[in-house]
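Chain by chain, the residues run as shown.
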Amino acid sequence: MADSKKSRNDHPSTAVLTRGFDPRLSVWSARPAVFRTSTFVFPTPEAAERAFDITSGRKQLEPGESEYLVYSRFNHPNAEILQDQMVPLEENAEWALAFNSGLAAIMTALLTVLKPGDSIVYTMPLYGGTMGMMHNLLEPYGIHTVAVPAGHSAELDDAIRTTPMLRAVLLETPANPTMVMADIKRAALVCAELDPKPVLMVDNTFLGPVFQHPLSQGADIVLYSATKYLGGFSDLLAGMILGRDPDLRNQMFGKRGMFGNILQPDECWILDGRLPTVSLRMNRQSKNAQRIAESLVRRPEVRKVYYPTLFDDPEQIRIRLSQCDYPGAMFAMDLKGGKAAAFDFLRNLHLAKNAVSLGGMETLVCHPKTTTHSASGPEEMKLACITDGLVRVSVGIEDWRDLLRDFEQSLDAIRPMLEETGELTGKTSSRL
Ligand SMILES: *Cc1c(COP(=O)(O)O)cnc(C)c1O
């Protein structure tokens, strides 16, 4: 909607505040108006005819001609503003599309590139809802799905090279909850050997758009649950697809209009107000998480802490250093004493709240085995290191010293139980 050319070279934190919104189109308001309308008035019948030709893809926009607004299931001003402000935040993105949840974005991307008879290769573990989509939507629909454990780069190369009718590769990196990473650039190089080249998609919810840039590493599509860090306040559901290839954009735009899963105007308006602070929030959250994770690793009640700066596998360390700017704000820890200890740990926290989801300003803690990952089979659980004692933490923007004190007092509280069972005197953390 706005003149985007003049600010094309600005840095993301500037561009997000100066691109995508033209005050003239919102009666000179400093903030965008909310355009709550389902339909748009045409100045002439000829304009209506032209708008339908363009929106349906029968004709292409002329240079300088702007996108038409027809009906809000296809497009509306608040989605356009949000999308235009999101593009500069994602390194190398040319376009963005907004959806009414992360899963809506992922479903639309998958159903755009896959048809019955095709195959998809994906890394395991995936977000539970995405995993459900593989088994309960794609497979019954005649799409062949191939899972490869995250971090097994050579196996991933093989799966990409040998799977017949491969049309899509989906990486979720880092993996939830152990932060195991897949090498995006390596997967992109293997995809590029194939003809036709499969579409490489990366779910960038955990580290993007601030700390990890899949499009610069060779991915075709970046997917988000904007419910998490982009939204940042745990108060809305949204999703986003970003990419470079205009054909893919037009196909996904068409599917979004068909599915009717565009994000509604009010939600778009709320979300675009959050974008200018996503870098501030994620930087604070990552610094907090790093200090807390690196302190808790020394506690005798903790068997292992999963966090990118605490990786011990040299290949994982190499991937992290080559593809992530910062380690992020998610960590998990395996407590001695199993489920009873994990539940007591959750019960004794005063500041951190016991809830699933992540990326909000407030710190959230959950027990994956009985919540987020409870639908996984035993093999999947083992692969994802989901033990009875595992707790997952999404660190917020509170003062890290208060959070650390909260975690430490809660570990103190489970100490007597571990002393009684003799577990404390056993092997302590492998890093000591
Ligand atoms: C939450 C999440 C999703 C699903 O997003 P919704 O907004 O809940 O639909 C997908 N992928 C990852 C990695 C997530 O954390």
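The structure we're discussing is the one just above.
These numbers were taken from a predicted model, which means no experiment stands behind them.

(A) Quick look at the overall build of the chain. Scanning the chain from terminus to terminus reveals 14 helices and 12 strands. Its C-alpha radius of gyration of 23 Å places the chain within 12% of the 22 Å reference for a compact globule of 432 residues. In terms of overall dimensions, the chain has C-alpha extents of about 80 × 50 × 35 Å along its principal axes. Accessible surface for the chain amounts to roughly 18,700 Å². Of this, 54% is attributable to carbon and sulfur atoms.

(B) Examining the sheet that holds strand β1 (residues 95-99) more closely. Spatially, seven strands are ordered β1-β7-β6-β5-β4-β2-β3 in an open sheet, and the strand pairing comes out mixed. Strands at the two margins of the open sheet, each flanked by one partner only, are β1 and β3 (144-149). Direction aside, the axes of adjacent strands within the sheet are offset by 20° on average. One ladder, built from five bridges, connects strand β6 (residues 221-225) with strand β7 (residues 239-243); its direction is antiparallel. Within β7, the residue paired with I221 across the bridge is G243. Across the face of the sheet, helix α6 (residues 153-162) comes into contact with β2 (119-124), β3 and β4 (166-172) while running at roughly 165° to β3.

(C) Just the site of the ligand, in detail. Around the ligand lies a shell of 14 residues, among which L103, D203, S225, T227 and K228 are the nearest. One of the backbone nitrogen or oxygen atoms of G102 is found 2.9 Å away from an oxygen atom of the ligand. Residue D203 places a side-chain N or O atom 2.7 Å away from a nitrogen atom belonging to the ligand. Against a free-state accessible area of 380 Å², the protein chains account for coverage of 94% of the ligand. Residue contributions to the shell around the ligand peak at three residues, all from helix α4 (residues 102-113).

(D) Structural view of the side chain of T112. Structurally, the position occupied by T112 is in helix α4. When residues no more than four places from it in sequence are discounted, the contact partners of T112 are Q251, M252 and K255.

(E) How the structure looks around the nonpolar core. Grouped together as the largest cluster of nonpolar side chains are 67 residues, with contacts concentrated most on F331, F345 and F407. In contact with F407, other than residues within four places in its own chain, are I292, L296, F345, L349, A352, T363, V365 and V393. Within the second largest apolar cluster, 30 residues are counted, among which are L110, M124, L126 and I221.

(F) Just the pattern of salt bridges, in detail. Tallied over the full model, the rule gives 23 salt bridges. Linking D22 and R24 is a salt bridge whose minimum nitrogen-to-oxygen distance equals 2.9 Å. A salt bridge links E193 to R161; its shortest N-O distance comes to 2.8 Å. Separated by 32 residues along the polypeptide, E193 in the loop between α7 (184-192) and β5 (199-203) and R161 in helix α6 bring together distant segments of the chain.

(G) Seen up close, the sheet that holds strand β9 (residues 330-335). The strand order across the open sheet formed by five strands is β8-β9-β12-β11-β10, and the pairing between neighbours is mixed. Edge positions in the sheet fall to β8 (302-306) and β10 (353-354), since each has one partner strand and no second. One ladder, built from four bridges, connects β8 with β9; its direction is antiparallel. In the sheet register, V305 faces β9, and the bridge partner there is M333. On the sheet, helix α10 (residues 278-296) packs against β8 and β9 and is oriented at approximately 15° with respect to β9. Set on the sheet, helix α12 (residues 338-348) makes contact with β9, β10, β11 (364-366) and β12 (390-394); between it and β9 the angle comes to about 130°.

(H) Region of interest: the pairing of β2. The buried fraction of β2 amounts to six of the six residues, a majority that puts the element mostly inside the structure. The pairing of β2 with β3 spans six bridges and is parallel. In the sheet register, Y122 faces β3, and the bridge partner there is A147. Of the crossover connections in this fold, the one passing from β2 over helix α5 (residues 128-138) to the parallel β3 is right-handed. Here β2 pairs with β4 via four bridges, running parallel. Residue pairing across strands places I120 opposite A168, the latter belonging to β4.

(I) How the structure looks around the state of the cysteines. Using the criterion set out here, one finds zero disulfides in the structure. Unpaired in terms of disulfides, C191 finds its nearest cysteine sulfur in C324, a separation of 19 Å. Among the residues examined, C191 registers a relative accessible area of 0% and is labelled buried. C366 forms no disulfide, and the closest cysteine sulfur to it belongs to C385, at a distance of 15 Å.

(J) Structural view of α12. Within α12 the residues assigned to the buried category are A341, A342, F345 and L346. In a view along the axis of α12, the buried residues occupy a sector of 135°, so they form one face of it. For α12, the secondary structure elements touched by its buried residues are β9, β10, β11, β12 and α14 (400-421).

(K) Highlighting the packing of aromatic side chains. With the rule as written, the count across this model stands at four aromatic pairs. A ring pair is formed by F211 and Y326, whose centres lie 5.3 Å apart and whose planes are at 55°; its orientation type is tilted. Here the residue F211 occupies a position in the loop between β5 and β6, and Y326 occupies one in the loop between α11 (314-323) and β9, the gap between them amounting to 115 residues. Of the residues examined, F211 reaches a relative accessible area of 1% and is grouped as buried. Y326 sits in the partly exposed class, given a relative accessible area of 38%. Taking 6.0 Å as the distance between ring centres and 15° as the angle between the ring planes, the aromatic pair formed by F345 and F407 counts as stacked. One end of the pair, F345, is in helix α12; the other, F407, is in helix α14, with 62 residues separating them in the sequence. For the pair formed by F345 and F407, the shared burial category is buried. Cluster of aromatic residues (ring-pair linked, three or more members): F331, F345 and F407. The cationic tip of R274 hangs over the ring face of F233; the distance from NZ or CZ to the ring centre is 4.0 Å.

Conventions used here
- Residues numbered from 1 in each chain as written.
- Predicted model: local features only at pLDDT ≥ 70, side-chain atom pairs only at ≥ 80, totals over all residues.
- Heavy atoms only, no water.
- Helix = DSSP H or I, 4+ residues; strand = E, 2+ residues; numbered from the N terminus.
- Rg over C-alpha atoms; globule rule 2.2 N^0.38 Å.
- Areas by Shrake-Rupley, 256 points an atom, 1.4 Å probe, with all protein chains shown as cover.
- Pairing = 2+ DSSP bridges.
- Axes fitted to C-alpha atoms, helices over the stretch in contact; angles between N-to-C directions.
- Contact = heavy atoms within 4.5 Å.
- Near = heavy atom within 4 Å.
- Polar contact = N/O pair within 3.5 Å; in protein donor to acceptor, adjacent residues only side chain to side chain.
- Core = buried A, V, L, I, M, F, W, Y, C linked by side-chain atoms within 4.5 Å.
- Buried < 20%, exposed > 50% of the residue type's maximum accessible area, 1.4 Å probe, protein only.
- Salt bridge = Lys/Arg side-chain N within 4 Å of Asp/Glu carboxyl O.
- Right-handed = clockwise from strand over helix to strand, strands pointing away.
- Disulfide = S-S within 2.5 Å.
- Arc of directions from axis to C-beta.
- Phe/Tyr/Trp six-rings, centres within 6.5 Å; stacked < 30°, edge-to-face > 60°.
- Lys NZ or Arg CZ within 6 Å of the ring centre and 35° of its normal.

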